[in-house]
Amino acid sequence: MNFLSFIEQKRDGGELSPEVIGELIVAYSGNTIPDYQMAAFLMAVNLQGMSGNETRALTLAMRDSGEVLQFPKDDRLIVDKHSTGGVGDKVSLVLAPLLACLGYRVPMVSGRGLGITGGTLDKLESISGFSTHLSAERLVAQVQSIGVAMGGQTSEIAPADQRLYALRDVTGTVPSIPLITASILSKKLAEGLDALVMDVKYGRAAFMRERDEARALAETIVALAAECGVQCRALLSDMDTPLGRTVGNWLEVKESVACLEGNGPADLEEITIACVDNLPGGDADKAREELASGRAREKFNELLVAQGADIKAFESKLNKDVTAPVTSELRADQDGYVHRCDARIIGELVRDLGGGRQKMDDLIQSEVGIDHIVKPGEPVEKSAVLARVHAVSDSDAKIALRRLAEAFEISADLPTSDGLITEVVS
Ligand code: URA
């Protein structure tokens, strides 16, 4: 296979056949194409884009680099949700058990956080004993028995995506609509889904800064998923402000538990319920009922037990207000309304406190982060707490507090807002 000529074809704006794209992925998976050539190909795609046929061929070839999960036939739909990544985005932790309560099967395969966006796996691993390493066989068995499993991507599920994503991450080729589409859908198609709900974020702390770009990505994903037999809708949601009032792995688990008990922050509940509402048969009222009744929280505990968590330790940790060595509060310097609470600054500072990674093999600190965040549109009085830092040391807390002050803006009048979920692409 003359890979160089395919790179050149793509560089010059040509269209590659599905067969060629399929062969490229097989060859890359079999190590007959070196990373430097694949990197050049990815950059050509990033600059020239891909046709719908090319994107479909790439997605299917990446899906077929591993297994497609096979579930026994039963009445329950197999569904999942995927977010393009945000700060404080803990929707999956609430939604997965909630969907299981509502009678869906949820084989949720999630990722780790990288950069400023958090990852579901890192959040779950702040729970003592919880294992995210599930084989395909175990994942299927657990979903069949309790309706939900939450694990990481294994070498069995779209392994080509794991390698390609790592290469994109270091070659400036992440923000490409066909590459993001193929990356997300290859994994989701490998889960054997009936339906998928996407949360495509835009704004200060999202991949896609502009709503138009987010819409273009959402439309591509929704259309291709449908062509591949998966019903899909995508929410477009704002990511200028963190979701909920906490950012940081353990703090986000705690907030998710509050939401599972019907006491979550309004924005987190809004996205969670909208995800339910946009799945086939989804019923927002029933979803709220499952949260308020405590059944969703019980299902979460069932999930924790199934995946090895120490429930006693978990419940006792939940009762602690603070688990990090140091806390420090940011207070308002005037009366007024919060106008800005910048998710990018908060994401960066939580990452730098140790809550996230710069490189994939960095170790993370589960207990650090920010909580008690006051959100745009809320009134504050001078000296009221705007947010609280959880850090490993006094010096880290001091630095974080200075940066946190830059994330907030208070002013005398009420700010305007377009709302959290601004569109649904279906
Ligand atoms: N999430 C993914 O899984 N892949 C991407 O390329 C971007 C976001």
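In this report, the structure presented in the accompanying data block is examined. Once a new chain begins, its residue numbering starts again from 1 and follows that chain's sequence as written. Whole-chain, interface and lining totals are the exception, using all residues; otherwise, since this is a predicted model, local features are given only for residues with pLDDT of at least 70 and side-chain atom pairs are given and counted only at 80 or more. With hydrogens and water stripped out, all remaining heavy atoms of the structure feed into the side-chain values.

## Here's the deal with empty space enclosed by the protein
Right, so step 1: Only protein atoms enter the calculation, which uses a 1 Å grid: trapped sets of points that fit a 1.4 Å probe without letting it out are cavities, open sets showing protein on both sides within 12 Å along at least five of seven lines are pockets, and any residue with an atom within 4 Å of a point is a lining residue. Grid points are joined across faces, edges and corners, and a volume is the space filled by probe spheres set on the points. Counted under the stated rule, the structure contains two cavities of 30 Å³ or more.
Right, so step 2: Space inside the largest cavity adds up to approximately 150 Å³.
Right, so step 3: In this structure, the largest cavity is lined by 22 residues; those nearest its centre are Ile-116, Thr-117, Gly-118, Gly-355 and Gly-356.
Right, so step 4: Secondary structure elements are taken from DSSP: a helix is a run of H or I of four residues or more, a strand is a run of E of two residues or more, and numbering for both begins at the N terminus. Counting only elements with at least two residues in the lining of the largest cavity, the list comes to helix H6 (120-124), helix H11 (249-260) and helix H16 (343-355).
Right, so step 5: Element by element, the count of residues in the lining of the largest cavity is highest for H16, at four residues.
Right, so step 6: In the scheme used here, Gly and all other residues not listed as nonpolar or charged are polar, with Ala, Val, Leu, Ile, Met, Phe, Trp, Tyr, Cys and Pro taken as nonpolar and Asp, Glu, Lys and Arg as charged. Of the residues assigned to the lining of the largest cavity, the class counts are five nonpolar, twelve polar and five charged.
Right, so step 7: Looking at the lining of the largest cavity, you find at least three residues from each of domain 2 (79-316) and domain 3 (326-411). By convention here, the domain bounds are inherited from an automatic or database domain assignment.

## As for the environment of Asn-301
Right, so step 1: Tracing the backbone through its elements, the reader meets Asn-301 in helix H14 (residues 295-306).
Right, so step 2: Working definition: with a 1.4 Å probe on protein chains only, accessible area under 20% of the residue-type maximum means buried, over 50% means exposed, and in between means partly exposed. Here Asn-301 falls in the buried class, since its relative accessible area comes to 17%.
Right, so step 3: A C-alpha to C-alpha distance of 9.8 Å links Asn-301 and Val-257, two positions 44 residues apart in sequence.
Right, so step 4: The residues contacting Asn-301, other than those within four sequence positions of it, are Ile-311, Phe-314 and Glu-315. Should any heavy atoms of two residues lie within 4.5 Å, those residues are considered in contact.

## Thoughts on the sheet that holds strand E6 (residues 326-331)
Note: strands within a sheet are paired through backbone hydrogen bonds, in either parallel or antiparallel orientation.
Right, so step 1: Read from one edge to the other, the open sheet built from three strands follows the order E6-E10-E8, with strand pairing classed as antiparallel. Looking at the sheet topology across the chains shown, the edges are occupied by E6 and strand E8 (369-371). Shown here is a sheet whose adjacent strand axes are inclined to one another by a mean of 25°, direction ignored.
Right, so step 2: Here a strand pair is declared whenever DSSP counts at least two bridges between the two strands. Inspection of the sheet shows E6 paired to strand E10 (residues 385-391) by six bridges, in the antiparallel sense. Bridge pairing links Leu-330 to Ala-387 in E10.
Right, so step 3: All axes here are fitted lines through C-alpha atoms, helices being fitted over the stretch that makes contact, and every angle between N-to-C directions spans 0 to 180 degrees. Across the sheet, helix H17 (residues 394-407) touches E6, E8 and E10, and the angle it forms with E6 is around 20°.

## Re the layout of surface pockets
Right, so step 1: Its boundaries defined by the atoms lining it, the second largest pocket holds a volume of some 690 Å³.
Right, so step 2: Forming the boundary of the second largest pocket are 26 residues, of which Asp-238, Thr-241, Pro-376, Ser-417 and Gly-419 lie nearest the centre.
Right, so step 3: The residue inventory of the lining of the second largest pocket, partitioned by class, reads nine nonpolar, six polar and eleven charged.

## Considerations on the site of the ligand
Right, so step 1: Nearness is defined per residue: one heavy atom within 4 Å of the molecule or strand is enough. Residues in contact with the ligand, as listed here, are His-82, Tyr-165, Arg-168, Ile-180, Ser-183, Ile-184, Lys-187 and Phe-207.
Right, so step 2: We call two N or O atoms a polar contact when they sit within 3.5 Å, provided that within protein one can donate a hydrogen and the other can accept it, with sequence-adjacent residues counted only if both atoms are side-chain atoms. Contacts to the ligand include Ser-183, whose side-chain N or O atom sits 2.6 Å from a nitrogen atom.
Right, so step 3: One of the side-chain N or O atoms of Lys-187 is found 2.5 Å from an oxygen atom in the ligand.
Right, so step 4: Here the accessible surface of atoms and residues is derived via Shrake-Rupley with a 1.4 Å probe, and residues count as covered only by protein chains that are part of the display. Within the complex, the protein chains bury 91% of what would otherwise be the 240 Å² of accessible surface of the ligand.
Right, so step 5: Counting residues per element, the ones that place at least two in the shell around the ligand are helix H8 (159-169) and helix H9 (177-190).
Right, so step 6: Among the elements that take part in the shell around the ligand, H9 stands out by supplying four residues, more than any other.
Right, so step 7: Across the shell around the ligand, the residue classes tally to four nonpolar, two polar and two charged.

## Points about the packing of helix H7 (residues 136-146) against H14
Think of two packed helices as two axes; the pair is described by the angle between the axes and how far apart they sit.
Right, so step 1: Where H7 contacts H14, the two axes come as close as 12 Å, and the packing angle between them is 150°. You can see that H7 and H14 cross each other, and the crossing is right-handed. Residues Arg-138, Gln-142 and Ile-146 of H7 form the contact with H14, whose participating residues are Lys-299, Glu-302, Leu-303 and Ala-306.
Right, so step 2: When the residues that make up the contact of H7 with H14 are grouped by side-chain class, the tally is three nonpolar, one polar and three charged. Each helix crossing is assigned a hand: it is left-handed if the near helix lies turned anticlockwise from the far helix by less than a right angle, otherwise right-handed if that turn is clockwise.

## Thoughts on unusual backbone geometry
Right, so step 1: One non-glycine residue, Asn-31, adopts positive backbone phi at about 65°.
Right, so step 2: Counting through the fold element by element, Asn-31 comes out in the loop between helix H2 (18-29) and helix H3 (35-48).

## Here's the deal with helix H13 (residues 284-293)
Right, so step 1: Along H13, the residues classified as buried are Ala-284, Ala-287, Glu-290 and Leu-291. End-on view of H13: buried residues confined to an arc of 120°, all on one side of the axis. Residues Asp-285 and Ala-292 are exposed on H13 and point more than 90 degrees away from its buried face.
Right, so step 2: Residues of H13 that are buried make contact with helix H5 (91-101), H11, helix H12 (266-277) and H14.
Right, so step 3: Where H13 terminates, the next one or two residues include Gly-294, which has phi positive at roughly 90°. The arc refers to the directions leading from the helix axis to the C-beta atoms.

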